[in-house]
Amino acid sequence: MNRSKIIAILTGAISIILAIAYLILVQLLDYRDMKPAPISQFDQSPAIISVFSQIDKINEV
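Residues numbered from 1 in each chain as written. Predicted model: local features only at pLDDT ≥ 70, side-chain atom pairs only at ≥ 80, totals over all residues. Heavy atoms only, no water.

An unreviewed UniProt entry annotates the protein chain as Glucose-inhibited division protein A of Nostoc cf. commune SO-36.

In structure tokens form, the structure reads like this:
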């Protein structure tokens, strides 16, 4: 086989291995028992900050 064909097969195999490893990792992370955050952390009221600035035009003489 040509060298380029061997490299193409090798990179394809590496790509498939990485894809399978990624899917396994996502499944493992998704399998964890996720608990929602405690309500006590959300007792603070949200703050809204608004900033308005205006630049006056300077008339040149």
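### Section: the overall build of the protein chain
Selection rule: The numbering of helices and of strands both runs from the N terminus, where a helix is a DSSP run of H or I of at least 4 residues and a strand a run of E of at least 2. To sort residues, take the accessible area from a 1.4 Å probe on protein chains only and compare it with the maximum for the residue type: under 20% means buried, over 50% means exposed, and anything in between is partly exposed.
Helix and strand counts for the protein chain stand at 1 helix and 0 strands. Per-residue burial over the protein chain gives 0% buried out of 61 residues.

### Overview of a nonpolar patch on the surface
For clarity, the cut-off: Patch building starts from residues that exceed 30% relative accessible area and form no salt bridge, then joins like charges within 9 Å and nonpolar side chains (Val, Leu, Ile, Met, Phe, Trp, Tyr) within 5 Å. What sets the accessible areas is the Shrake-Rupley method with a 1.4 Å probe; for residues, cover comes only from the shown protein chains. Salt bridge criterion: a side-chain nitrogen from Lys or Arg within 4 Å of a carboxyl oxygen from Asp or Glu.
A surface patch of nonpolar side chains, amounting to about 400 Å² of accessible area, comprises I16, I20, I24 and L28. The residue I20 is located in helix α1 (residues 3-31) in this model.

### Side note on the UniProt feature "transmembrane region" (unreviewed entry) in the protein chain
The following threshold applies: UniProt positions are given in the numbering used here, feature names are shortened, and annotations may be inferred rather than shown by experiment.
The UniProt feature table records "transmembrane region" (unreviewed entry) at residues 6-25. Counting secondary structure, residues 6-25 comes out at 100% helix and 0% strand; the distance between its end C-alpha atoms is 28 Å.

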